[in-house]
Amino acid sequence: MFSRATFLTTLALMVTVNLPALAETCIPLSLVGGEGSKVTKTVSQPTIPGPFGITITRNNWNTDWAIPGGINFNRFVTTITAPNGGSFNLSLFLKYSDQTSEEVFNKQNVTIDPEKPLIIEKKSAPNDFPFQVNLLLGGIEQIGRTYTASVVGCYK
């Protein structure tokens, strides 16, 4: 005969074994044209077009992260910190191989507290396969402000 404790332990194990796994794995996405997965930038002046299609200056407002193939990510998490805080104009996009993009976030004058990162989360549909995450962060009023950004992709 089972004791009450043995019965409850066995019941708990049976229920636990039949529950779906809720754990997910998140991996840092790699920077396109850079090293690692985290970027720190100071917003530069805007691009100034010159004669014959030549740009005199280039801004650093865009950053891309590569999404590896073969993994069905169910969400992407972008984290942005600003050591001195401030407001930023920022847009976040998922880019697709058919030359389309999905706007995930687009706001002007988003305040980032130096003590609290801004986190933007985008859940994905099961058959949603973007190849890049693009962050556009800049603006005239943001010139000289520094921020750090990273993106992770999560899957089950």
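Residues numbered from 1 in each chain as written. Predicted model: local features only at pLDDT ≥ 70, side-chain atom pairs only at ≥ 80, totals over all residues. Heavy atoms only, no water.

*Asks:* Tell me about the nonpolar core, and please be specific about residues and values.
*Replies:* Trp65, Ile80, Leu90, Val133 and Leu135 are the most contacted members of the largest nonpolar core, which totals 27 residues. Mapped onto this core, the elements with two or more residues apiece are β7 (75-81), β8 (86-95), β9 (101-112), β10 (118-123), β11 (132-137) and β12 (146-155). Sort the elements by how many residues they give to this core and β8 lands first, with four residues. Non-local contacts of Leu90, meaning those with residues more than four positions away in its chain, are made with Ile80, Phe105, Asn106, Lys107, Val110, Leu118, Ile120, Leu135, Leu136 and Leu137. (Core = buried A, V, L, I, M, F, W, Y, C linked by side-chain atoms within 4.5 Å. Buried < 20%, exposed > 50% of the residue type's maximum accessible area, 1.4 Å probe, protein only. Helix = DSSP H or I, 4+ residues; strand = E, 2+ residues; numbered from the N terminus. Contact = heavy atoms within 4.5 Å.)

*Asks:* Outline the pattern of salt bridges, listing residues and values.
*Replies:* Charged atoms that come close allow side chains of opposite charge to pair. Tallied over the full model, the rule gives four salt bridges. For Lys95, the salt bridge identified is with Asp64, shortest N-O distance 3.6 Å. One end of the pair, Lys95, is in strand β8; the other, Asp64, is in strand β6 (residues 62-66), and 31 residues separate them in sequence. Residue Asp64 is classed as buried on the basis of its relative accessible area of 19%. Each member of the salt-bridge network shares a partner with another, and the members are Glu24, Arg75 and Glu121. (Salt bridge = Lys/Arg side-chain N within 4 Å of Asp/Glu carboxyl O.)

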